[in-house]
Amino acid sequence: MNLKFAWRNVGNEKRLVELEQDLASDKINHAYLFSGPMEVGKLTAAKFFAQLLICKFEACGECSDCKLIRSNSHPNLTTVDDLWIEGVNEDWDILAQKTNFNQSGRAKSPKAKTDIIRIDDLREILSRVNNTSDGWNVFVIHNIERMNRESANFFLKTLEEPPPKTTFLLTSNNPALLLPTIVSRCRVSNFGNVNPATIDKMLLRDFPGLTEIERVRVVNFSMGKPIRAKRLAENPTVFREFKEYFEKLKSLLEKPNVAEKLAFAEKVSTDKTEVQKFLEAFTYFLRSFMLTRARQPIANSRYTPAKLVGLIRQLNSTKILIERNINPRLAVENLLLQI
Ligand SMILES: [Zn+2]
């Protein structure tokens, strides 16, 4: 598939072609929802689309607009990614690389303790709606399922009366949690997992130092997620953590021990990112466990196909509970006690 612009995505070309068609026909919707699993490139696509809209030279990377976008300080591009959270995300300089609305209110009373886009955050974000001097004013808001009901309703009012020359590029890996009235006002762009061969090609091109065995491992662990594949290839620590989770789950499955399960649940629930990493490792683990069992069935195993399917279901509902900010430790304990 031929793309006109130099997108940084790997895979999902059809979605990118559609976005290019919107640009070519000058039919930009006032809101887009980039929907699909985590780490497949939704935010990457949204950011590049924003740059295509703002830069007058097709996201050249060299003009003053592109330079301001690169330093996340363009007045007509608001990005909402990581949020200030007490005790977790407190480094303003690091936050400023990803999120550029004024977050100082989050550190004041009442302090924001969970990863929620609150109504006060939205007031700050939307105060930039009238920023625009000329050209597009673009808002990239990542994982909008973080909006609680109050803020989602507040946001809806803006979507209902979209300001001119303004577009919202929203992402979600769990659109089932969104207000249907928000989804219906967006052009939905469904991103999916990317096939292993495409990820392998990206690794060959971008990480020529990897051996073939390392590449196969990264492809397997990435489970169709190019962003994760890059993280794994770039950073041996991420790879090691993933492997450690894998080994730990294997030992818990072979020798179930309640005390060990509870201790492990406590360890992985220190923060939301850690829990998500663990749940992803668990998904990979169950998937490969099922494949092995399918090839070499073991008589009298506690892990019948039905039991494994049940575990996968439970794992998926745990992911949803965590998204909804249920106490992560309880959710993980509950999951581990099932194995
Ligand atoms: Zn440019």
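Residues numbered from 1 in each chain as written. Predicted model: local features only at pLDDT ≥ 70, side-chain atom pairs only at ≥ 80, totals over all residues.

Participant: Quick question: what am I supposed to make of the overall build of the protein here?
Facilitator: Across its full length, the protein holds 15 helices and five strands. Radius of gyration (C-alpha) of the protein: 21 Å, near the 20 Å computed for a compact globule of 339 residues. In terms of overall dimensions, the protein has a C-alpha envelope of 70 × 50 × 35 Å along the principal axes. Split into buried and exposed, the 339 residues of the protein put 33% on the buried side. (Helix = DSSP H or I, 4+ residues; strand = E, 2+ residues; numbered from the N terminus. Rg over C-alpha atoms; globule rule 2.2 N^0.38 Å. Buried ≥ 20, exposed ≤ 12 C-beta atoms within 10 Å, placed from the backbone.)

Participant: For this particular structure, what's the right way to read the domain arrangement of the protein?
Facilitator: Accessible area lost when the parts come together is the quantity often used to give the size of an interface. Considered domain by domain, the protein is made up of domain 1 (13-190), domain 2 (194-234) and domain 3 (239-336). Distance between the C-alpha centres of domain 1 and domain 2: 28 Å. With four residues of domain 1 in contact, the opposing surface of domain 2 contributes five residues. Here the residues of the side of domain 1 that touches domain 2 sort into two nonpolar, one polar and one charged. (Domains from an automatic or database assignment. Contact = placed C-beta atoms within 7 Å. Nonpolar A, V, L, I, M, F, W, Y, C, P; charged D, E, K, R; others polar.)

Participant: Could you clarify how one ought to interpret helix α9 (residues 212-222) in this entry?
Facilitator: Count 3.6 residues to each turn of an α-helix, and residues three or four apart come out pointing the same way. Within the span of α9, buried status applies to V218, V219, F221 and S222. Looking at the residues trailing α9, positive phi occurs at M223, about 50°.

Participant: Where do I start with the pairing of strand β3 (residues 137-141) in this structure?
Facilitator: In regular strands, side chains alternate between the two faces of the sheet. Within β3, five of the five residues are buried, leaving the element largely enclosed by the surrounding structure. With burial as the criterion, each face of β3 is covered, one bearing N137, F139 and I141 and the other bearing V138 and V140. Note that strand β2 (residues 77-80) and β3 share four bridges and pair parallel. Pairing of T79 across the sheet is with V140, part of β3. Pairing of β3 with strand β4 (residues 166-172), which is carried by five bridges, proceeds in the parallel orientation. If you follow V140 over to β4, its bridge partner there is L169. Crossover handedness for the path β3 to helix α6 (residues 149-160) to β4: right-handed. (Pairing = 2+ DSSP bridges. Right-handed = clockwise from strand over helix to strand, strands pointing away.)

Participant: Mind showing me how you'd approach the packing of helix α8 (residues 196-206) against α9 here?
Facilitator: Two numbers describe a pair of packed helices, the interaxial angle and the distance between the axes. Look at α8 against α9: their axes get within 10 Å of each other, and the N-to-C directions meet at 135°. Looking at the two axes, α8 sits oblique to α9. As for how α8 packs across α9, the hand of that crossing is right-handed. Across the interface between the two elements, P196, I199, D200 and L203 of α8 pack against R215, V218, V219 and S222 of α9. Tallied by class, the residues present in the contact of α8 with α9 amount to five nonpolar, one polar and two charged. (Axes fitted to C-alpha atoms, helices over the stretch in contact; angles between N-to-C directions. Parallel < 35°, antiparallel > 145°, perpendicular 65-115°, else oblique. Left-handed = near helix turned anticlockwise from the far one by under 90°.)

Participant: Which parts of the structure should I look at to understand the sheet that holds β2?
Facilitator: Hydrogen bonding along the main chain pairs the strands of a sheet, whether they run parallel or antiparallel. Strand order in the open sheet formed by five strands is β2-β3-β4-β1-β5, and the pairing between neighbours is parallel. Sheet topology places β2 and β5 (187-190) at the edges, where each strand pairs with a single neighbour. Along the sheet, successive strands turn relative to each other by an average axial angle of 15°, direction set aside. Pairing analysis gives four bridges linking strand β1 (residues 31-35) to β5, with the strands arranged parallel. When the sheet's bridge partners are listed, L33 is paired in β5 with V188.

Participant: Sorry, what's going on with the environment of Y32 here?
Facilitator: Among the structural elements, Y32 can be located in strand β1. Exposure remark for Y32: the 23 C-beta atoms within 10 Å place this residue in the buried category. The spacing of Y32 and V140 is 108 residues in sequence and 9.6 Å in space, taken between C-alpha atoms. Excluding its chain neighbours within four sequence positions, the residues that come into contact with Y32 are L169, L170, C186, R187 and S189.

Participant: Quick question: what am I supposed to make of the packing of helix α14 (residues 305-323) against helix α15 (residues 328-336) here?
Facilitator: One way to put it is that α14 packs onto α15 with a least axis distance of 10 Å and a crossing angle of 175°. The angle between α14 and α15 places the two elements in the roughly antiparallel class. Touching Q314, L315, T318, L321 and I322 of α14 are P328, A331 and L335, all from α15. Class assignment of the residues belonging to the contact of α14 with α15 gives a composition of six nonpolar, two polar and no charged.

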